[in-house]
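Below are the chains, spelled out letter by letter.
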Amino acid sequence: MVDFPISVLDAKENDEEEPLNNNDNDYASGKLAPEDDNKAPTPTEAEAEVEAPKPSALCCVKNWLVGFYIANSFLILVLAAILLAKAYPPLGAKYLAPRITATWVAVMIIFLLSGIGLKSEELANAFKRLGFNSFVQIFNFFVVSSVTFGFSRLMVEWKVLPQSLADGLTIATSVPITVNMVLVLTKSAGGDEASAIFNAAFGSLIAVFLSPGLVLMYLGVGGFGSVDVGTVFYKLSLRVILPIVVGQIFRKFSKTVVNFVTKHKPKFKKVQEYALVFIVYCVFCRTFEADRDTSVGDIFIMIGLELFLLLSMMVLAWFGLKLCFPNEPKLRVMGLFGCTHKSVAMGIPLINAIYEESPLVGYYTLPLLIWHPMQLVIGTFIAPRLSAFVKREEERLQKNDLSLAEDNSGDNA
């Protein structure tokens with residue numbers, strides 16, 4: 001639906017209400033001559049009557065491509081980065097100094113901006129819906145990752161997936177909830193927006209400690225580039241926690257910085273996006289330079305398995321939410337997204353920090369890059385249906401409340 005400016009609509013209404021004989025007195029006094037219906041149209045009127053030329057097919061295709069790129073810019077840039085990495089791996093593996101630019105500078109920029117934008121005041125709402133918030137966080141971090149870990153071990157045992165992609169699948173499901181995607185889909189589906197904001201902020205905060213712990217618990221500390229737990233948490237403290245803390249200090253004590261970032265929010269969002277793409281590029285350059293034996297067929301099998309896992313987790317979360325919160329349709333809708341969505345913005349820097357020495361880091365990252373657009377496509381498809389569900393449920397609950405009130409009034413009479 002196109003939103004017209006209010007002034008235009010008001011003008012249209014005023015034109016309709018204006019009487020048709022405003023100039024009758026002028027005609028009578030001879031100030032205005034009556035219009036001749038047969039007079040020839042002026043050149044301006046003749047030009048107005050000519051229909052505007054229709055846009056060419058090439059112009060339509062161009063507009064569609066531009067719109068498609070704007071809507072899917074991150075996914076397109078990631079695919080382009082992977083292809084460029086495959087074309088010449090040494091550029092991102094050595095010559096761009098990835099150990100400094102990708103693992104330190106890009107990561108710290110991402111989390112500094114995240115810290116400035118993180119609404120920590122929303123964390124005060126934790127105790128308002130403690131049961132629901134606990135359900136979402138426990139399901140997202142523990143249920144999804146543990147089920148995926150068991151499933152991926154089974155796939156390795158049956159020789160369906162190679163070890164690297166199976167481990168990447170486990171890592172992908174150990175990262176926290178998305179921020180923007182969960183909020184947008186929750187709003188579109190008529191869910192509880194306040195709960196979406198809280199759970200996204202809280203999940204991002206605890207993921208700094210919880211996600212590395214889950215990954216190391218599932219996959220161990222040996223055999224994956226000799227992961228040293230102490231070193232991992234030390235690097236995470238410098239690259240992730242410190243920038244978030246600095247960002248929060250700016251948010252609390254420097255309104256100038258916050259206002260500047262808010263004013264230029266789209267540009268800073270692009271900066272984060274480009275930093276993520278750069279990290280992905282360097283990660284896959286290192287992976288392709290190592291020349292590991294993972295076929296395209298293995299990747300397509302993993303895509304199918306991820307689709308099965310994501311849909312299964314969504315069904316399980318939906319029935320769990322129905323059981324625990326039967327009369328809270330808005331919470332159930334938000335919980336459906338919050339329980340199963342995974343964040344690329346948090347996940348890729350964390351994976352890179354944990355496994356920066358491993359040549360398999362690209363395969364550890366790939367499942368998360370697939371999960372991210374998949375959850376968006378499914379969420380966009382079901383959002384209108386969930387919105388209709390919320391309306392039906394609220395009407396049903398209102399009718400039940402009215403019936404109960406009538407029964408109580410009858411008993412009192």
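Scroll up a little and you will see the structure.
Residues numbered from 1 in each chain as written. Predicted model: local features only at pLDDT ≥ 70, side-chain atom pairs only at ≥ 80, totals over all residues. Heavy atoms only, no water.

Draft legend 1. Molecular detail of the overall build of the protein. Within the protein, the secondary structure is distributed over 18 helices and zero strands. Classification of the 413 residues of the protein by burial places 42% in the buried group. Taking the intrachain contacts of the protein between residues at least 6 apart in sequence as the baseline, contacts between residues at least 24 apart amount to 85%. Carbon and sulfur atoms make up 65% of the accessible area of the protein, which amounts to about 23,200 Å² in all. (Helix = DSSP H or I, 4+ residues; strand = E, 2+ residues; numbered from the N terminus. Buried < 20%, exposed > 50% of the residue type's maximum accessible area, 1.4 Å probe, protein only. Contact = heavy atoms within 4.5 Å. Areas by Shrake-Rupley, 256 points an atom, 1.4 Å probe, with all protein chains shown as cover.)

Draft legend 2. Examining unusual backbone geometry more closely. Notably, Ala97 is not glycine yet its phi reads approximately 50 degrees, a positive angle. Note on placement: Ala97 falls in the loop between α6 (89-95) and α7 (98-117). Classification of Ala97 as partly exposed rests on a relative accessible area of 33%. In this model, Lys159 sits at a positive phi of 60 degrees, which is unusual for a non-glycine residue. The residue Lys159 is located in the loop between α8 (130-157) and α9 (163-172) in this model. Take Lys159: its relative accessible area is 75%, and that puts it in the exposed class.

Draft legend 3. Seen up close, the packing of helix α5 (residues 73-87) against helix α14 (residues 265-290). Remark: α5 packs on α14, axes separated minimally by 8 Å, with the N-to-C direction vectors making an angle of 30 degrees. Our classification of the angle between α5 and α14 gives roughly parallel. Handedness of the crossing formed by α5 with α14: right-handed. Touching Ser73, Phe74, Leu77, Val78, Ala81, Ile82, Leu84, Ala85 and Lys86 of α5 are Lys270, Glu273, Tyr274, Leu276, Val277, Val280, Tyr281, Phe284, Cys285 and Phe288, all from α14. The class makeup of the residues in the contact of α5 with α14 is 15 nonpolar, one polar and three charged. (Axes fitted to C-alpha atoms, helices over the stretch in contact; angles between N-to-C directions. Parallel < 35°, antiparallel > 145°, perpendicular 65-115°, else oblique. Left-handed = near helix turned anticlockwise from the far one by under 90°. Nonpolar A, V, L, I, M, F, W, Y, C, P; charged D, E, K, R; others polar.)

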